[in-house]
Each structure stands twice: as structure tokens, then as C-alpha cells.
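# Close look at the chain arrangement
In case you want the letters, here they are:
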Amino acid sequence: QVQLVESGGGLVQAGGSLRLSCAASGHTFSTDHMGWFRQAPGKEREFVSAIRGGGDDSIYYADSVKGRFTISRDNDKNTVDLQMNSLKPEDTAVYYCAARVYAGHWIPSVSTQYNYWGQGTRVTVSS
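Residues numbered from 1 in each chain as written. Predicted model: local features only at pLDDT ≥ 70, side-chain atom pairs only at ≥ 80, totals over all residues. Heavy atoms only, no water.

This brings us to the environment of Gly26. Looking at where Gly26 falls in the secondary structure, it is placed in the loop between β3 (18-25) and β4 (33-39). Given a relative accessible area of 54%, Gly26 falls into the exposed group. Leaving out residues up to four positions away in the same chain, Gly26 has contacts with Gln1 and Val2. (Helix = DSSP H or I, 4+ residues; strand = E, 2+ residues; numbered from the N terminus. Buried < 20%, exposed > 50% of the residue type's maximum accessible area, 1.4 Å probe, protein only. Contact = heavy atoms within 4.5 Å.)

Dropping the structure here:
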């Protein structure tokens, strides 16, 4: 049983920054693939970023956040962070941390590839 807890959301003006953190427990964290997704009001959940586990640490970003967001992981602390810079009103959403805890082929941007999810943290960007 994996538990994921997001934190760091809040209200920020356009152009500002926030840093989200996801704390994981219940599994060998260093082997897990981790992702961030977001869901805006009235819209489907969409991929934001992901980072591969198992020592690979390859990273992936949605086109909408490339150059503005940075994902990182700290396997000693069992955390995955999302540094969000140059925020835009369209970034407003609930942000979810997700974990892929089994081996095999992995498509980072597909939500069904992940089998554990946090409860989300709300990010509001005002103009």
C-alpha cells in the first residue's frame, strides 16, 4: 500500500512561482516512476511531468510547461518536487502526485500507467 501526500499549493500571481512536494511511503521509493498531473475545473486530468525511477531519472514534460516547470526527486527523503516558475492563469488546477510501482514498459504521460495517487493540492494563479 503506497501513500502519497502533496503539499505546497496556494495562490500566486501570474509570473510567480510555487514549489510542490509529494511525500511517498509504503514502497521502495527509488524504484518507482513518479508523475505529476493536474485537473482544472470542468476539464479532464492532464499530464504535467514525470521522472523515471530505478536510477535512470529520465524526465518528461508536457509541452505546456516545458521551460517553466522542473521535476526532481530525492530518494533519501522519498519526495518528488515540482518547481513551477512563470506561472500562468491557465496553470490553475488541482495538482496530483502519482506513482508507478511495478516494472514493465511505462508511458509517462498516460494516467492509467500509474497505480497510486495522492489527494491533490490546489494551485490558483491570478491575473
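Once that is clear, we can look at the sheet that holds β3. Ordered by their spatial adjacency, four strands build an open sheet running β1-β3-β8-β7, and the pairing between neighbours is antiparallel. Both outer strands of the open sheet, β1 (3-7) and β7 (69-74), are each paired with one neighbouring strand and no more. If you compare each strand with its neighbour and ignore which way they point, the axes differ by 15 degrees on average. Across six bridges, the pairing between β7 and strand β8 (residues 79-84) is antiparallel. (Pairing = 2+ DSSP bridges. Axes fitted to C-alpha atoms, helices over the stretch in contact; angles between N-to-C directions.)

Now for the environment of Glu44. Position of Glu44 relative to the elements: it lies in the loop between β4 and β5 (46-51). Glu44 gets classed as exposed once you look at its relative accessible area, which sits at 71%. Counting along the chain gives 14 residues from Glu44 to Ser58, while the straight-line C-alpha distance between them is 26 Å. In contact with Glu44, not counting residues within four places along its chain, are Arg38 and Gln39.

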